[in-house]
Amino acid sequence: MPIRQLDIQGVRNLAPLDITPSPLVNFIYGDNGSGKTSVLEAIHLLAAGKSFRSTQVRQVLSHERDRCEIRLRFQRDDETPERELYHLRLKNGDHLFRLDESLLSAQSQVAALLPVQVIEPNTFRLLSGTPEDRRQFLDWGVFHVEPAFIEEWRMFRQTLKQRNSALKQDQGDWLDVWNSGFIESAARIDQFRKAYLTLLVAEFRKTLASLDDSLDVNLNYYPGWDRESDLASVLERQKDRDIQLGFTQSGPHRAELRITVNRVPAAEVLSRGQQKTVVSALKLAQGIVFKQQTGTAPIYLVDDLASELDARHRLALCQVLEDLKCQVFITSIEKNQLMDGWAPADFKVFHVEHGQLQEETLA
Ligand SMILES: Nc1ncnc2c1ncn2[C@@H]1O[C@H](COP(=O)(O)OP(=O)(O)OP(=O)(O)O)[C@@H](O)[C@H]1O
């Protein structure tokens with residue numbers, strides 16, 4: 001799924017840039033504050049519709065400009081023609097996404113075309129963050145390998161909204177109207193998630209072992225309701241409390257991926273570096289499953305590779321990325337932190353200084 005050409009304008013401190021990345025590994029190095037992360041952030045803004053470090057997209061736009069523009073040409077595989085994705089975002093919040101000459105109505109259309117995975121210094125928050133963070137992680141995988149999932153999820157969200165609205169208006173008698181659709185949709189979402197998890201868990205185990213074979217981490221799926229009961233009985237049992245609270249306490253919107261070590265949440269027992277290793281293994285496993293199911297790998301954005309990882313773990317992570325034969329953009333402060341002990345088969349090096357990005361010619 002490589003990006004063949006990348007053109008960024010108006011993002012943070014970056015001077016307008018237009019580069020032809022390697023279809024495999026791209027090293028980006030430079031001093032603190034030079035603009036390395038901003039390059040990754042721009043790709044993420046187009047591919048995922050948001051920044052991975054600011055909750056407010058507005059912050060990504062250069063102080064000096066009223067808009068940012070990101071344009072890239074990508075190719076799904078060698079057999080398919082190149083296509084162009086374009087994203088325009090104005091300071092007032094207006095934005096658009098375009099594929100070749102056609103406007104796209106939903107960002108999810110871009111996400112489906114250009115799947116990206118991010119490994120960055122705050123990546124460990126997947127373990128310490130909210131159940132919703134882990135649910136979103138799980139659903140990224142389901143969305144990308146099961147085309148029917150997004151529509152099912154949209155329908156479920158709609159039914160949930162209507163059910164919650166009935167609860168808020170204390171219309172308990174109406175709940176049965178929504179319950180059957182809610183339960184059917186919940187069952188389908190649960191099936192999609194479980195099928196995906198079977199694939200993910202197997203790859204996660206192998207990947208974690210190749211990054212660090214001393215870690216023994218378990219993934220447990222909680223569907224969003226008491227596993228011992230069926231959802232219909234749970235809803236019936238919780239009806240009065242749901243009315244009191246004004247929302248539905250159980251269902252696939254409450255699903256979670258529990259990540260534990262000896263039954264204790266991994267975030268409570270693992271060191272920062274170990275947490276980063278586990279989350280990296282999860283994200284790499286998602287890429288491996290994605291490639292198995294679709295024939296092509298996602299693009300990896302690895303920001304500040306060295307943060308929290310020693311040389312051995314860095315090298316192991318890079319090796320998994322190389323084996324996956326995916327396109328990678330990796331940043332680091334020191335060039336040798338990137339290239340020490342690892343010389344991928346095909347790579348380009350870019351240096352960033354005060355927002356200016358230059359490709360280095362390799363001897
Ligand atoms: N909206 C903005 N407009 C212009 N400049 C900005 C804006 N937001 C941040 N900056 C500046 O742009 C630079 C962004 O740097 P970035 O985070 O990409 O650097 P980096 O090379 O990844 O640094 P580090 O190694 O410290 O993580 C910083 O110097 C920051 O002060």
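From a predicted model like this one, the values you see are computed outputs, not experimental measurements.

A. Layout of the packing of aromatic side chains. Scanning the model with the defined rule gives seven aromatic pairs in all. Each ring, one from Phe27 and one from Trp342, has its centre 5.7 Å from the other, and the planes form 75°; the classification is edge-to-face. Of the two residues, Phe27 is situated in strand β3 (residues 25-29) and Trp342 in the loop between α12 (335-339) and β14 (347-353); the sequence distance between them amounts to 315 residues. By the burial criterion, Phe27 is buried, and Trp342 matches it. Aromatic ring contacts, followed pair by pair, group Phe149, Trp153, Phe156, Phe182 and Phe192 into a single cluster. In this structure, Arg163 is placed above the aromatic ring of Phe182, and the distance from its NZ or CZ to the ring centre is 5.6 Å.

B. Structural context of the sheet that holds strand β9 (residues 218-222). The strand order across the open sheet formed by three strands is β9-β10-β11, and the pairing between neighbours is antiparallel. Whereas interior strands pair on both sides, the edge strands pair on one side only; in this sheet they are β9 and β11 (264-265). Sheet topology places strand β10 (residues 256-261) next to β11; two bridges connect them, and they run antiparallel. Note on β11: the bridge partner recorded for Thr260 is Pro265. Sheet strands in contact with helix α4 (residues 131-145) are β9 and β10, and its direction is about 105° off that of β10.

C. Layout of the site of the ligand. Close to the ligand lie 15 residues; Lys36, Thr37, Ser38, Arg53 and Leu61 are nearest. The backbone of Asp31 places a nitrogen or oxygen atom 3.5 Å from an oxygen atom of the ligand. When the ligand sits alone it has 660 Å² of accessible area, and the protein chains cover 72% of it. Per-class residue counts for the shell around the ligand are one nonpolar, 10 polar and four charged.

D. Fine view of a negative patch on the surface. A cluster of acidic residues, Asp170, Asp173, Asp176, Glu236 and Asp240, forms a negative patch at the surface. By relative accessible area, Asp173 is classed as exposed at 74%.

E. Spotlight on the side chain of His144. Mapping His144 onto the fold places it in helix α4. Its relative accessible area of 11% is what places His144 among the buried residues.

F. Layout of empty space enclosed by the protein. Scanning all chains against the criterion turns up one cavity of 30 Å³ or more. What lines the largest cavity is Leu211, Thr277, Ser280, Leu309, His313 and Leu317. Counting only elements with at least two residues in the lining of the largest cavity, the list comes to α10 (272-294) and α11 (311-324). Taken together, the residues that form the lining of the largest cavity break down as three nonpolar, three polar and no charged.

G. Layout of the layout of surface pockets. A volume near 1,500 Å³ is recorded for the largest pocket. For the largest pocket, the lining is made up of 40 residues, of which His44, Lys50, Gln136, Phe137 and Trp140 are closest to its centre. Of all the secondary-structure elements, those providing two or more residues to the lining of the largest pocket are α1 (36-48), α2 (107-113), β8 (116-119), α3 (125-128), α4, α5 (149-168) and α10. Looking at which domains feed residues into the lining of the largest pocket, each of domain 1 (1-115 + 298-363) and domain 2 (120-270) gives three or more. When its volume is computed, the second largest pocket comes out at roughly 260 Å³.

H. Broad picture of the pattern of salt bridges. Counted by the stated rule, this structure contains 20 salt bridges. Among the salt bridges present, the one from Arg193 reaches Asp139, with a minimum N-O distance of 2.8 Å. On the criterion of sequence distance, the pair formed by Arg193 in helix α6 (residues 175-211) and Asp139 in helix α4 is long-range, its members being 54 residues apart. Both residues of the pair, Arg193 and Asp139, count as buried. What emerges from the salt-bridge pattern is a single network uniting Asp7, Arg71, Arg73, Glu82 and Glu84.

Definitions and cut-offs
Residues numbered from 1 in each chain as written. Predicted model: local features only at pLDDT ≥ 70, side-chain atom pairs only at ≥ 80, totals over all residues. Heavy atoms only, no water. Phe/Tyr/Trp six-rings, centres within 6.5 Å; stacked < 30°, edge-to-face > 60°. Helix = DSSP H or I, 4+ residues; strand = E, 2+ residues; numbered from the N terminus. Buried < 20%, exposed > 50% of the residue type's maximum accessible area, 1.4 Å probe, protein only. Lys NZ or Arg CZ within 6 Å of the ring centre and 35° of its normal. Pairing = 2+ DSSP bridges. Contact = heavy atoms within 4.5 Å. Axes fitted to C-alpha atoms, helices over the stretch in contact; angles between N-to-C directions. Near = heavy atom within 4 Å. Polar contact = N/O pair within 3.5 Å; in protein donor to acceptor, adjacent residues only side chain to side chain. Areas by Shrake-Rupley, 256 points an atom, 1.4 Å probe, with all protein chains shown as cover. Nonpolar A, V, L, I, M, F, W, Y, C, P; charged D, E, K, R; others polar. Patch = residues over 30% accessible without salt bridge, like charges linked within 9 Å, V, L, I, M, F, W, Y side chains within 5 Å. Salt bridge = Lys/Arg side-chain N within 4 Å of Asp/Glu carboxyl O. Lys, Arg positive; Asp, Glu negative; His and termini not counted. Charge placed at Lys NZ, Arg CZ, Asp CG, Glu CD. 1 Å grid on protein atoms, 1.4 Å probe; cavity = no way out; pocket = protein on both sides within 12 Å on 5 of 7 lines; lining within 4 Å. Points joined across faces, edges and corners; volume = space filled by probe spheres on them. Domains from an automatic or database assignment.

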